[in-house]
Amino acid sequence: MNYSKSFRLLDFIFRKLLRQNAGVSYPVHYTATIHNPSKLRIGIGTFPGDSPGVYINADNGIEVGDFTNIGPNVGLISANHDFLDNDRRVAAPPIILGKCCWIGMSAVILPGVHLGDFTIVGAGAVVTKSFPEGYQVLGGNPARVLKQLEPAACHVAAQRKYQ
């Protein structure tokens, strides 16, 4: 990924000197927050947190597929707390995002959600359940399928872009 000199400088200052997001092995925006990066698995060409304002809580695990793009102010929240005791975490399955997904600005993805390959999540959507089939556009609160995508066209576009 090509980052500007100012992005790299701020990344160095915040991640290396001030130790904000220090456990992350790739450049992140200084306004991003990544909790428990050791439980965040990412694919090729994927850099969760390089957009401003991203919040990632990977306490229960998060897997992000190859070439998946995460927009500004997105929340990936794999953990929750007990309804009666905010200090007690509740176990949940990990969040799984497929390959070539696009998560739009200010979308929120909640614990246990699985999105299949080539899933687009519209800006501001709140994804509370899984859509493992992929090849679709999601939007709304709670998110629902707005449009089906043609798998062959998705693969042709991906080959052009990522080859």
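First, a word on scope: everything that follows refers to the structure included in this document. (Residues numbered from 1 in each chain as written. Predicted model: local features only at pLDDT ≥ 70, side-chain atom pairs only at ≥ 80, totals over all residues. Heavy atoms only, no water.)

**Comments concerning the packing of aromatic side chains**
- A full pass over the atoms with the stated rule returns 5 aromatic pairs.
- Aromatic pair Tyr26 and Phe47: ring centres 6.0 Å apart, planes at 65°, arrangement edge-to-face. Placement of the pair is Tyr26 in the loop between helix H1 (5-17) and strand S1 (33-35) and Phe47 in the loop between strand S2 (40-42) and strand S3 (55-57), with a sequence separation of 21 residues.
- Note on Tyr26: relative accessible area 7%, which makes it buried.
- Both rings, one in Phe118 and one in Tyr135, keep their centres 5.3 Å apart while their planes meet at 15°; by these two values the pair is stacked. Pair noted here: Phe118 is in the loop between strand S12 (114-115) and strand S13 (119-121) and Tyr135 is in the loop between strand S14 (126-127) and strand S15 (136-139), with a separation of 17 residues, a long-range link. (Phe/Tyr/Trp six-rings, centres within 6.5 Å; stacked < 30°, edge-to-face > 60°. Helix = DSSP H or I, 4+ residues; strand = E, 2+ residues; numbered from the N terminus. Buried < 20%, exposed > 50% of the residue type's maximum accessible area, 1.4 Å probe, protein only.)

**A short note on the sheet that holds strand S9 (residues 95-97)**
- Pairing is parallel across the open sheet formed by 4 strands, whose spatial order is S2-S4-S9-S12. The open sheet terminates on both sides in strands that have one partner only, identified here as S2 and S12.
- Bridging between S9 and S12 involves 2 bridges; their strand directions are parallel. Paired with Ile96 across the two strands is His114, which belongs to S12. (Pairing = 2+ DSSP bridges.)

**A closer look at the sheet that holds S1**
- Strand order in the open sheet made by the 5 strands is S1-S3-S6-S11-S14, with parallel pairing throughout. The sheet is open, and its two edges are formed by S1 and S14, each paired on a single side.
- In the sheet, S3 pairs with strand S6 (residues 75-77) via 3 bridges, with the strands oriented parallel. Note on S6: the bridge partner recorded for Asn57 is Ile77.

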